Amino acid sequence: KAGVTQTPRYLIKTRGQQVTLSCSPISGHRSVSWYQQTPGQGLQFLFEYFSETQRNKGNFPGRFSGRQFSNSRSEMNVSTLELGDSALYLCASSPQSGANVLTFGAGSRLTVL
Amino acid sequence: DQQVKQNSPSLSVQEGRISILNCDYTNSMFDYFLWYKKYPAEGPTFLISISSIKDKNEDGRFTVFLNKSAKHLSLHIVPSQPGDSAVYFCAARAAPTGNQFYFGTGTSLTVIP
């Protein structure tokens with residue numbers, strides 16, 4: 001059974017640009033959550049999508065957005081990139097929302113110069 | 001506002017000895033707690049969990065203890081093995097918040113052969 005797949009694994013952008021990250025959940029999983037990991041801050045919840053609807057959103061500015069497609073694949077977008085957006089972005093999937101365990105992908109490492 | 005705290009950024013333990021990783025939380029609404037392990041360049045992987053109705057949960061070499069009155073969680077690894085060297089994150093959730101987990105900042109465990 002394939003795990004959670006995130007693309008791209010690494011990318012470099014400059015301030016002001018925008019970026020789109022992709023996540024393919026485990027087959028059959030309908031919930032996809034996104035987390036940002038930065039040194040000293042741990043993992044911080046960005047948002048969760050379930051059945052193409054945003055279920056929850058963390059405390060991040062509106063520059064961070066996401067969506068989910070009918071096949072449960074999800075994308076997140078960050079517009080007008082800032083230096084502080086440099087982080088590891090982790091996607092996690094679960095069969096349902098409110099699951100007891102999230103399965104994480106390896107992450108997309110974003111560097112903003 | 002960090003609702004889940006791991007105050008020890010790092011811990012070194014001799015192989016065969018016990019590793020104790022600690023986690024404190026502030027939100028009394030948290031009712032479910034997990035530990036994740038993360039190796040470099042990989043996503044976090046689920047290790048063990050505990051519900052707030054229990055005070056202990058064991059899985060092989062791993063035991064999680066929950067002290068609700070102290071709002072304290074600990075993970076015991078006995079005996080520690082070099083392969084346990086990784087970053088450990090504790091996480092908590094308040095129902096019903098879907099897949100919004102609050103993570104600590106992580107403790108880097110090094111098991112010395």
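The structure we're discussing is the one just above.
Rules used in this analysis
Residues numbered from 1 in each chain as written. Chains lettered and ligands numbered in written order. Predicted model: local features only at pLDDT ≥ 70, side-chain atom pairs only at ≥ 80, totals over all residues. Heavy atoms only, no water. Pairing = 2+ DSSP bridges. Helix = DSSP H or I, 4+ residues; strand = E, 2+ residues; numbered from the N terminus. Axes fitted to C-alpha atoms, helices over the stretch in contact; angles between N-to-C directions. Salt bridge = Lys/Arg side-chain N within 4 Å of Asp/Glu carboxyl O. Buried < 20%, exposed > 50% of the residue type's maximum accessible area, 1.4 Å probe, protein only. Disulfide = S-S within 2.5 Å.

Engineer: Pulling in residues and values, what's your account of the sheet that holds strand β3 (residues 19-24) of chain A?
Structural biologist: Residues and elements named next belong to chain A. Pairing is antiparallel in the open sheet, where four strands are placed in the order β1-β3-β8-β7. At either margin of the open sheet sits one strand with a lone partner, and together these are β1 (5-7) and β7 (64-68). With strand direction ignored, the average angle separating the axes of adjacent strands in the sheet is 20°. Note that β1 and β3 share three bridges and pair antiparallel. Paired with Thr7 across the strands is Ser22, a residue of β3.

Engineer: I'd like to hear about the pairing of strand β6 (residues 53-57) of chain A, residue by residue, with values.
Structural biologist: Residue and element names in this part refer to chain A. Bridge count between strand β5 (residues 42-50) and β6: four bridges; the pairing is antiparallel. Across the sheet, Glu48 pairs through a bridge with Asn56, a residue of β6. Hairpin remark: β5 followed by β6, antiparallel, with two residues in the connecting loop; positive phi at Ser51, about 50°.

Engineer: Residue-level account of the sheet that holds strand β1 (residues 4-5) of chain B, with values.
Structural biologist: All names here are of chain B. The sheet built from five strands is open, its strands ordered β1-β3-β8-β7-β6 with antiparallel pairing. If you trace the sheet from one side to the other, it starts and ends with β1 and β6 (56-59), each paired once. Direction of pairing for strand β3 (residues 19-25) relative to strand β8 (residues 72-77): antiparallel, over a ladder of six bridges. The residue bridging Leu21 from the neighbouring strand is Leu75, located in β8.

Engineer: Break down the pattern of salt bridges for me, with residues and values.
Structural biologist: Throughout the structure, instances matching the rule amount to six salt bridges over all chains. Arg63 of chain A is paired through a salt bridge with Asp85 of chain A; the nearest N and O atoms lie 2.8 Å apart. Taken as a pair, Arg63 of chain A in the loop between β6 and β7 and Asp85 of chain A in the loop between β8 (74-78) and β9 (87-94) lie far apart in primary sequence, 22 residues in all. For the pair Arg63 of chain A and Asp85 of chain A, one class covers both residues: buried. Measuring nitrogen to oxygen at the nearest pair gives 2.8 Å for the salt bridge that ties Arg61 of chain B to Asp84 of chain B. One end of the pair, Arg61 of chain B, is in the loop between β6 and β7 (62-67); the other, Asp84 of chain B, is in the loop between β8 and β9 (86-93), with 23 residues separating them in the sequence. On the accessibility criterion, Arg61 of chain B (21% relative accessible area) is partly exposed. Judged by its relative accessible area of 2%, Asp84 of chain B falls in the buried class.

Engineer: Provide a residue-level description of the state of the cysteines, including the pertinent values.
Structural biologist: All names here are of chain A. For the coordinates displayed, the defined rule picks out two disulfides over all chains. The disulfide partner of Cys23 is Cys91, and the S-S distance across this bridge is 1.8 Å. On the sign convention where negative means left-handed, the S-S torsion of about -60° between Cys23 and Cys91 marks this disulfide as left-handed. On the criterion of sequence distance, the pair formed by Cys23 in strand β3 and Cys91 in strand β9 is long-range, its members being 68 residues apart. Across this residue pair, the class does not change: Cys23 and Cys91 are buried.

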